[in-house]
Amino acid sequence: MKVIKHSFDGVIVGAGGAGLRAAIEAAPHMKLAVITKLYPTRSHTGAAQGGMSAALANVEEDNWNWHAFDTVKGSDYLADQPAVDILCKEAIDSVVELEHWGLPFSRLENGKIAQRRFGGHTVKEGEAPAFRACYAADRTGHMILQTLYQKCVSMGVTFFDEFQVLDIKIDDGVCKGVIAYEIATGDIPRMLIHSLVTVLEFYIKKEYLLKIWNFINSTLLEYIDSEYCCLRLPVEKVVF
Ligand SMILES: Cc1cc2nc3c(=O)[nH]c(=O)nc-3n(C[C@H](O)[C@H](O)[C@H](O)COP(=O)(O)OP(=O)(O)OC[C@H]3O[C@@H](n4cnc5c(N)ncnc54)[C@H](O)[C@@H]3O)c2cc1C
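Residues numbered from 1 in each chain as written. Predicted model: local features only at pLDDT ≥ 70, side-chain atom pairs only at ≥ 80, totals over all residues.

The next subject is the packing of helix 2 (residues 64-74) against helix 3 (residues 81-100). Where helix 2 meets helix 3, the axes come as close as 9 Å, and the angle between the chain directions of the two elements is 135°. It follows from the interaxial angle that helix 2 and helix 3 lie oblique. The two elements helix 2 and helix 3 cross, and the hand of that crossing is right-handed. Along its contact with helix 2, which presents Trp-64, His-67, Ala-68, Thr-71 and Val-72, the element helix 3 presents Gln-81, Val-84, Asp-85, Leu-87, Cys-88, Lys-89 and Ile-92. Of the residues belonging to the contact of helix 2 with helix 3, the class tally is seven nonpolar, three polar and two charged. (Axes fitted to C-alpha atoms, helices over the stretch in contact; angles between N-to-C directions. Helix = DSSP H or I, 4+ residues; strand = E, 2+ residues; numbered from the N terminus. Parallel < 35°, antiparallel > 145°, perpendicular 65-115°, else oblique. Left-handed = near helix turned anticlockwise from the far one by under 90°. Contact = placed C-beta atoms within 7 Å. Nonpolar A, V, L, I, M, F, W, Y, C, P; charged D, E, K, R; others polar.)

Okay, here's the thing in structure tokens:
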């Protein structure tokens, strides 16, 4: 077994819909690596067939508030409601963004993105099923992965495919790297994260932050409002 060292400004673990979209956002600002235990386009996102919900109102009257109502209700009222608002509001632009990046959505007669009924989506807070799921035949998730992956490749993101992350290296509360296992060879690369632009930022509810991160120096916190704060983790250059 060999131990190989790599150095990047930022590392994303996972190349499903979430990891690939995060990579597109981060790639212009840093030397970035994405590590994934599966080949990116085989991630579980590819199993999603039904569609991606967004209140585009292409078929009937719709708005993101009704989408938010369904999402909160679908979570048995456990979802973080400000986060649900952001999700449902931004879903509309996210679908259009994917369309512009080349996702071959199914179309209505008038050329607009097709939408169908799916899951617990309703109009007017439960009055009737909603035509809200934007889809690409029966392979929406598969097409999302293809579209995001080709965008990442065009932006020069470095991929470590079929590398399983084993551990995250944290020194003094600062994330300094990850340790992964190359499935094909058994080699262990250590990915060092250095000078990640300046910081990693997490927006988090204060009550959770105090429970989970109570060891973190309060100077790393910026209070956004009475409920939320931003946690900034400096990522320092390290030499092994
Ligand atoms: C059958 C099915 C149908 C669905 N249908 C829909 C639908 O129609 N509409 C909808 O909105 N949602 C649907 N969902 C839910 C939706 O697909 C998921 O919530 C979403 O795709 C999750 O995306 P993700 O990027 O978080 O995770 P994933 O796509 O699972 O990606 C996880 C990534 O992490 C990597 N990874 C994990 N552990 C490690 C490790 N230790 N080291 C390195 N890499 C690692 C994996 O290789 C993978 O690349 C469906 C889900 C399923 C299972």
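This part is about the sheet that holds strand 7 (residues 158-161). Whether parallel or antiparallel, the strands of a sheet pair through hydrogen bonds between backbone atoms. The sheet built from three strands is open, its strands ordered 2-3-7 with parallel pairing. Looking at the sheet topology across the chains shown, the edges are occupied by strand 2 (10-13) and strand 7. Neighbouring strand axes in the sheet, compared pairwise and without regard to direction, differ in orientation by 20° on average. Two strands pair when backbone bridges link them, and strand 2 and strand 3 (residues 32-36) are joined in this way by four bridges, in the parallel orientation. Looking at the pairing, Val-11 lines up with Ala-33 of strand 3. (Pairing = 2+ DSSP bridges.)

Turning next to helix 4 (residues 140-154). Here helix 4 contains 15 residues, and its C-alpha end-to-end distance of 21 Å stays within 8% of the 21 Å for a straight helix at 1.5 Å per residue. Among the residues making up helix 4, those that are buried are Thr-140, Gly-141, Met-143, Ile-144, Leu-145, Thr-147, Leu-148, Tyr-149 and Cys-152. Elements that come into contact with the buried residues of helix 4 comprise helix 1 (17-26), strand 4 (52-53) and helix 3. Backbone geometry just after helix 4 places Gly-156 at a positive phi near 80°. (Expected span 1.5 Å × (residues − 1). Buried ≥ 20, exposed ≤ 12 C-beta atoms within 10 Å, placed from the backbone.)

With that settled, consider the sheet that holds strand 5 (residues 115-123). Read from one edge to the other, the open sheet built from three strands follows the order 4-6-5, with strand pairing classed as antiparallel. If you trace the sheet from one side to the other, it starts and ends with strand 4 and strand 5, each paired once. In this sheet, strand 6 (residues 128-134) lies alongside strand 5 in antiparallel orientation, the contact comprising five bridges. Residue pairing in the sheet places Arg-116 in a bridge with Ala-133 of strand 6.

Moving on, we get to unusual backbone geometry. Non-glycine residue Ala-57 carries a positive phi angle of around 60°. Mapped onto the elements, Ala-57 comes out in the loop between strand 4 and helix 2. Note on Ala-57: 17 C-beta atoms within 10 Å, which makes it partly exposed. One non-glycine residue, Glu-162, lies in positive phi territory at about 60°. A tally of 17 C-beta atoms within 10 Å means that Glu-162 is categorised as partly exposed.

Ala-23, Val-34 and Ile-35 are the most contacted members of the largest nonpolar core, which has 40 residues in total. Element by element, the count of residues in this core is highest for helix 4, at six residues. Residues from two domains meet in this core; each of domain 1 (1-44 + 154-197) and domain 2 (50-138) gives at least three. Apart from residues no more than four positions distant in its own chain, Val-34 is found in contact with Ile-12, Ala-15, Gly-19, Ala-23, Val-157 and Phe-159. (Core = buried A, V, L, I, M, F, W, Y, C linked by C-beta atoms within 7 Å. Domains from an automatic or database assignment.)

With five of its five residues buried, strand 3 lies for the most part within the structure. Residue alternation in strand 3 divides its side chains into two sets, Leu-32, Val-34 and Thr-36 and Ala-33 and Ile-35, and both sets are buried. This β-α-β element, strand 2 to helix 1 to strand 3, shows right-handed connectivity. Where strand 3 meets strand 7, four bridges bridge the pair, whose relative direction is parallel. Paired with Ile-35 across the two strands is Phe-160, which belongs to strand 7. (Right-handed = clockwise from strand over helix to strand, strands pointing away.)

What follows concerns the confidence of the model for the protein chain. Predicted confidence across the protein chain gives a mean pLDDT of 82, with 78% of residues reaching 70 or more. Note that pLDDT drops below 50 for residues 209-220; the model gives that stretch ten contacts with residues more than four away or on any other chain. Of the regions scoring below 50 in pLDDT, residues 233-240 engages in 24 contacts with residues more than four places distant in sequence or in other chains. (pLDDT = per-residue confidence, 0-100.)

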